[in-house]
Protein chains: 2
Amino acid sequence: MTGFFKERTPVNQARKIFLNAFNSIENTEQVSIDECSGRILSDSVTANRNVPHYRRAAMDGYAVRSSDTVGASPDNPIMLQIDDEEVVEGTCVRVHTGSSIPDGADAVVMVEDTTPVGDMVEILTHVHPNKHVGIIGEDIEKNDTVFTDGHMLRPCDLAVLASLGINNVTVYKKPHVSVIPTGNEVVPRTSSSQLQPGKVVETNGLMTAKYVEKWGGLPEHCDIVSDDPELIISAIQSQLESDIIILCGGTSVGERDHVPDVVKSLGNVLVHGVSMSPGKPIALGMIDNVPVVCLPGYPVAAFIGLFMFARPALRKIGHIPDLPDATVKAELSDKIPSKEGYMTFSRVVVDFGSSTAHPVMTSGAGVLSSVAKSNGLVIVPENIEGYEKGEKVDIFLIE
Amino acid sequence: MTGFFKERTPVNQARKIFLNAFNSIENTEQVSIDECSGRILSDSVTANRNVPHYRRAAMDGYAVRSSDTVGASPDNPIMLQIDDEEVVEGTCVRVHTGSSIPDGADAVVMVEDTTPVGDMVEILTHVHPNKHVGIIGEDIEKNDTVFTDGHMLRPCDLAVLASLGINNVTVYKKPHVSVIPTGNEVVPRTSSSQLQPGKVVETNGLMTAKYVEKWGGLPEHCDIVSDDPELIISAIQSQLESDIIILCGGTSVGERDHVPDVVKSLGNVLVHGVSMSPGKPIALGMIDNVPVVCLPGYPVAAFIGLFMFARPALRKIGHIPDLPDATVKAELSDKIPSKEGYMTFSRVVVDFGSSTAHPVMTSGAGVLSSVAKSNGLVIVPENIEGYEKGEKVDIFLIE
């Protein structure tokens, strides 16, 4: 097909339609806790023991029978015999933070409230039962649910797992994402030293694969396919075991743009044409229950499309929590124009010291160096006509 | 030494003193652009060619001599002969977005402004020179500085490097971080199934190593050292080739807390005792130009200490940009008490839907499960007496 886009779907609507069209994966695998940082639990984790599993001294001092300390004060010290193991009436045992409280004792007197006298010690304060004693299960009780299904494991969580003696966990498999670059003009990086006029190095697939990896997917960076419907069909069919397919290029409405038609012939195109700038030619579809993201060949449009559609799809399919992005507030040093009716993405350089954002002026969606120069994105919603110089806006930091 | 802390340094001052005591590393290595996401450039990158390296069609259409289109309009179409390669007076060549503009042509007429008639085409609009032509170097000019020293490479940057034919870059080596767990009570994970009373599994070192890895360092998780000054000295001395040493445990002022004294005997203790809760017993020092972070054994105190001191040290030493953390604003569902004169770190569970933060009530710094249950931290500054229920506060998301 050649011509104009008949329709443009608003960004949020397009994303909703797309995300509703597929389910999360259910395949799981066992991984060691040494390797599970960033992975998603597919089962809840239950404590198989108490932490601590013993009565724990919470302070350096002496484990005592609290009843032996009744009436003790600096003016009325009570003398106890220091023992090594067991506490009985009139004796105590030296303990350190984390030590086990010996049998017979029910409290700890802090070392600051004592005066050692040979193998005896003067107790200078009265302690109640369980004073400075961490009870069994104080941190985690046996049979407690420690983490629920869908929790993303952070390094601090690994420590909790280790404290429970858990060395392996069951997590969702990382989504397998096939990245298929297309385009007659696209050549592999290996031949980049003899680049002919009209040829460009394959970079969108590389960028896509590296973001997929960063976001928790397993990318497969496929060979370049030229603008030939039959070849695109074969390339897609060979990747239908994947969890997501991302095609780069050929999504517009020109003579050489076959990707959306190919997706339609193999499955469904849910959205073609999105009210975003850059990124209008994005197409989203489904083939045999595999979500397909068709990114434009223009690098900046591909970049924005990745964040707006590929990342949420990867998160949904992989049960990965959709955490907020890092944002900062900054004052615009210049106005940001927007395209009426389009969600507009403007690249900015944020000066964190002065909280000022400088819009990066560019000539269009082809100029990836505008992203390289930027550290942030300003998103102008569809219904707003740009931002004025001096406005304070939210900046999404480019990861 | 046994007793109270004589001094407490405010958190920001402690960090400043520490970070001023050492320099960044200068060791570099070459890495492939396939492996350099997240790495820090040690040299600026200069474009060794123009991007595009040819005059590029910015639209699908016909490459023409602009002078041939003077006066063209829908009412006054101008007929041109379609040629295959070269444009001379009266001819044009079909081009696609990204195609090379053939010799002789200086503009592109969009396909929408043409009507094909056999092997001829009617031009329906007048175009100026360079209309819809991307000039050579429009994206990146040869000899332009594309990235400067210290830039952290993101996936989008790899695409820019690839477009320049750059396949390797010089980056700073990842800082080597030795993590030394200490404590008589600490046992390795492998023996966790037969855990005696008074023994705890080594978890702080595991957590530390995994955060170091996440933050761009190369952790070396060393063997557990018992609370014996001579053994701690040997353990530190064997790691002095490292860029940072992090010791876990033994930093307080109890009988078994030897770590700060050991650091003092081998070098300098810059700070011992910080106005933070949890985390007061943190010590920071230098041994032979190697920064040393001494974290308390209490897991939550260690966790907070990692974020407040180990991460900034790692970033400084590794030239890693100190980017802001992801934060969200949320309303407190309950008050957060704070310790007067201490920067207080309170764990919260943020409900993103309602933007509400629920403080996680805990009995202290020993309870790592309080971190496991939380997804955010509220930081109460030294000079503020806690936050009230209903206050809107900044929440740092726990990564």
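What you see is a predicted model, and the numbers here were worked out from it, not measured in a lab.

The rules behind each value
- Residues numbered from 1 in each chain as written.
- Chains lettered and ligands numbered in written order.
- Predicted model: local features only at pLDDT ≥ 70, side-chain atom pairs only at ≥ 80, totals over all residues.
- Heavy atoms only, no water.
- Helix = DSSP H or I, 4+ residues; strand = E, 2+ residues; numbered from the N terminus.
- Buried < 20%, exposed > 50% of the residue type's maximum accessible area, 1.4 Å probe, protein only.
- Areas by Shrake-Rupley, 256 points an atom, 1.4 Å probe, with all protein chains shown as cover.
- Lys, Arg positive; Asp, Glu negative; His and termini not counted.
- Charge placed at Lys NZ, Arg CZ, Asp CG, Glu CD.
- Salt bridge = Lys/Arg side-chain N within 4 Å of Asp/Glu carboxyl O.
- Domains from an automatic or database assignment.
- Pairing = 2+ DSSP bridges.
- Axes fitted to C-alpha atoms, helices over the stretch in contact; angles between N-to-C directions.
- Least-squares fit on C-alpha atoms with pLDDT ≥ 70 in both.
- Contact = heavy atoms within 4.5 Å.
- Core = buried A, V, L, I, M, F, W, Y, C linked by side-chain atoms within 4.5 Å.
- Buried area = accessible area lost by both parts, 1.4 Å probe.
- Polar contact = N/O pair within 3.5 Å; in protein donor to acceptor, adjacent residues only side chain to side chain.
- Nonpolar A, V, L, I, M, F, W, Y, C, P; charged D, E, K, R; others polar.
- Arc of directions from axis to C-beta.
- Phe/Tyr/Trp six-rings, centres within 6.5 Å; stacked < 30°, edge-to-face > 60°.
- Lys NZ or Arg CZ within 6 Å of the ring centre and 35° of its normal.
- Parallel < 35°, antiparallel > 145°, perpendicular 65-115°, else oblique.
- Left-handed = near helix turned anticlockwise from the far one by under 90°.
- UniProt positions renumbered as here; feature names shortened; annotations may be inferred.

## As for the overall build of chain A
Part 1 of the reasoning: Each helix and strand in chain A was counted, giving 7 helices and 26 strands.
Part 2 of the reasoning: When each of the 399 residues of chain A is scored for burial, the buried share is 53%.
Part 3 of the reasoning: Per element, the accessible surface of chain A, about 16,800 Å² overall, is 46% carbon and sulfur.
Part 4 of the reasoning: Side chains of chain A carry 32 positive and 52 negative charges; the gap between the two charge centres is 10 Å.

## Section: the pattern of salt bridges
Part 1 of the reasoning: Tallying each qualifying case throughout the model produces 22 salt bridges over all chains.
Part 2 of the reasoning: With its nearest N and O atoms 2.7 Å apart, the salt bridge here joins B:D325 to B:R311. Note that B:D325 is positioned in the loop between α6 (299-317) and β22 (327-332) and B:R311 in helix α6, a separation of 14 residues in sequence.
Part 3 of the reasoning: We classify B:D325 as partly exposed; its relative accessible area is 25%.
Part 4 of the reasoning: One salt-bridge network, held together by shared partners, links A:R311, A:D325 and A:E399.

## Brief notes about the domain arrangement of chain A
Part 1 of the reasoning: Here chain A is described as being made up of domain 1 (11-26 + 174-317), domain 2 (28-51 + 138-172), domain 3 (56-134) and domain 4 (327-397).
Part 2 of the reasoning: Here domain 1 of chain A and domain 2 of chain A have C-alpha centroids that lie 35 Å from each other.

## Re the sheet that holds strand β17 (residues 244-248) of chain A
Residue and element names in this part refer to chain A.
Part 1 of the reasoning: Strand order in this open sheet of 6 strands is β16-β13-β17-β21-β20-β18, and the pairing throughout is mixed. Single-partner strands in this sheet number two, and they are β16 (218-221) and β18 (268-272). Ignoring strand direction, the axes of neighbouring strands in this sheet form an average angle of 20°.
Part 2 of the reasoning: Sheet analysis places β17 next to strand β21 (residues 290-295), joined by 4 bridges and oriented parallel.

## Comments concerning the relation of the copies chain B and chain A
Part 1 of the reasoning: By a simple turn and slide, chain B fits onto chain A: the slide is 0.0 Å along the axis, the RMSD is 0.0 Å, and the turn is 180°. As the rotation angle and translation indicate, the two copies are arranged about a two-fold axis. When each C-alpha of chain B is compared by its distance to the rotation axis, B:A326 comes out closest, at 1.9 Å.
Part 2 of the reasoning: The overlap is high: 99% of the interface residues of chain B also sit at the interface in chain A, so the same surface is used on both sides.

## Considerations on the nonpolar core
Part 1 of the reasoning: Core analysis: the largest hydrophobic core is formed by 70 residues, its most contacted members being A:V169, B:M276 and B:F303.
Part 2 of the reasoning: Sort the elements by how many residues they give to this core and α6(B) lands first, with 12 residues.

## Some thoughts on the sheet that holds strand β20 (residues 283-287) of chain B
All names here are of chain B.
Part 1 of the reasoning: Read across the sheet, 6 strands follow the order β16-β13-β17-β21-β20-β18 without closing on themselves; strand pairing throughout is mixed. Edge positions in the open sheet fall to β16 (218-221) and β18 (268-272), since each of these has one partner strand only. Direction aside, the axes of adjacent strands within the sheet are offset by 20° on average.
Part 2 of the reasoning: Packing of helix α5 (residues 259-266) onto the sheet brings it into contact with β17 (244-248), β18, β20 and β21 (290-295), and relative to β18 it is tilted by some 145°.

## Focus on the pairing of strand β8 (residues 114-117) of chain A
All names here are of chain A.
Part 1 of the reasoning: Here β8 pairs with strand β9 (residues 120-123) via 4 bridges, running antiparallel. Across the sheet, residue V117 finds its bridge partner in β9, namely M120.
Part 2 of the reasoning: The turn joining β8 and β9, which pair antiparallel and follow one another in sequence, is formed by 2 residues; a positive phi near 60° is taken by G118.

## Considerations on the interface of chain B and chain A
Part 1 of the reasoning: The partner chain A presents 72 residues to the 72 residues of chain B that form the contact.
Part 2 of the reasoning: For the pair chain B and chain A, the summed buried area comes to about 5,700 Å², and 59% of that belongs to carbon and sulfur atoms.
Part 3 of the reasoning: Looking only at chain B, the three residues that lose the most surface to chain A are B:R154, B:P155 and B:R189, adding up to 10% of its buried area.
Part 4 of the reasoning: Joining chain B to chain A, the criterion identifies 4 salt bridges.
Part 5 of the reasoning: Run the count over chain B and chain A and you get 24 residue pairs in polar contact (both at pLDDT 80 or more).
Part 6 of the reasoning: Elements with a contribution of two residues or more to the side of chain B that touches chain A: α2 (155-163), β15 (200-201), α3 (204-214) and α7 (369-373) of chain B.
Part 7 of the reasoning: Looking at the side of chain B that touches chain A, the element that brings in the most residues is α2(B), giving 8 residues.
Part 8 of the reasoning: Taken together, the residues of the side of chain B that touches chain A break down into 32 nonpolar, 22 polar and 18 charged.

## Overview of helix α1 (residues 11-19) of chain B
Residues and elements named next belong to chain B.
Part 1 of the reasoning: Within the sequence span of α1, burial applies to V11, A14, F18 and L19. When α1 is viewed along its axis, its buried side chains cluster within an angular range of 120° and face the same direction.
Part 2 of the reasoning: Turning to α1, the residues buried within the fold contact β18, β19 (276-277), β20, β21, α6 and β23 (343-351).

## Observations concerning the packing of aromatic side chains
Residue and element names in this part refer to chain A.
Part 1 of the reasoning: What the rule picks out here adds up to 12 aromatic pairs over all chains.
Part 2 of the reasoning: An angle of 55° between the planes, with centres 5.1 Å apart, marks the rings of F303 and F307 as tilted. Remark: F307 and F303 occur in helix α6 (residues 299-317); sequence separation between them is 4 residues, near one turn of the helix. In this pair, the class of F303 matches that of F307, namely buried.
Part 3 of the reasoning: Here the aromatic cluster, defined as three or more aromatic residues joined through ring pairs, consists of Y211, W215, F303 and F307.
Part 4 of the reasoning: Cation over ring: R94 sits above Y62, and NZ or CZ is 5.4 Å from the ring centre.

## What about the environment of A:G216?
All names here are of chain A.
Part 1 of the reasoning: If you trace the backbone, G216 turns up in the loop between α3 (204-214) and β16.
Part 2 of the reasoning: Here G216 falls in the partly exposed class, since its relative accessible area comes to 22%.
Part 3 of the reasoning: Here the alpha-carbon distance between G216 and R311, two residues 95 residues apart in the chain, equals 9.6 Å.
Part 4 of the reasoning: Not counting residues within four places of it along the chain, the set of residues in contact with G216 comprises K174, P175 and I320.

## What to know about unusual backbone geometry
Residue and element names in this part refer to chain A.
Part 1 of the reasoning: A cis geometry characterises the amide bond from V51 onward to P52, with omega recorded as -5°.
Part 2 of the reasoning: Topologically, P52 is positioned in the loop between β2 (45-46) and β3 (56-57).
Part 3 of the reasoning: A positive phi angle, near 70°, is found at N130, a position not held by glycine.
Part 4 of the reasoning: For N130, the position within the fold is in the loop between β9 and β10 (133-134).
Part 5 of the reasoning: Phi at N289 takes a positive value of approximately 70°, unusual for a residue other than glycine.
Part 6 of the reasoning: When you line up the elements, N289 lands in the loop between β20 (283-287) and β21.

## Some thoughts on the packing of helix α4 (residues 229-237) of chain A against helix α5 (residues 259-266) of chain A
Packed helices, taken two at a time, are described by their axes: the angle between them and the distance between them.
Residues and elements named next belong to chain A.
Part 1 of the reasoning: At their nearest, the axes of α4 and α5 sit 10 Å apart, and the two run at 55° to each other. In terms of orientation, α4 and α5 fall into the oblique class. When you trace α4 past α5, the crossing you get is right-handed. Taking contact as the criterion, the partners of P229, I232, I233, I236 and Q237 in α4 are, on α5, V259, V262, V263, S265 and L266.
Part 2 of the reasoning: Of the residues that constitute the contact of α4 with α5, the class distribution is 8 nonpolar, 2 polar and no charged.

## Some words on the UniProt feature "domain: MoaB/Mog" (unreviewed entry) in chain A
Part 1 of the reasoning: With numbering aligned to this structure, UniProt lists the feature "domain: MoaB/Mog" (unreviewed entry) at residues 178-316 of chain A.
Part 2 of the reasoning: Between the end C-alpha atoms of residues 178-316 of chain A there is a gap of 16 Å, over a span that is 33% helix and 25% strand.

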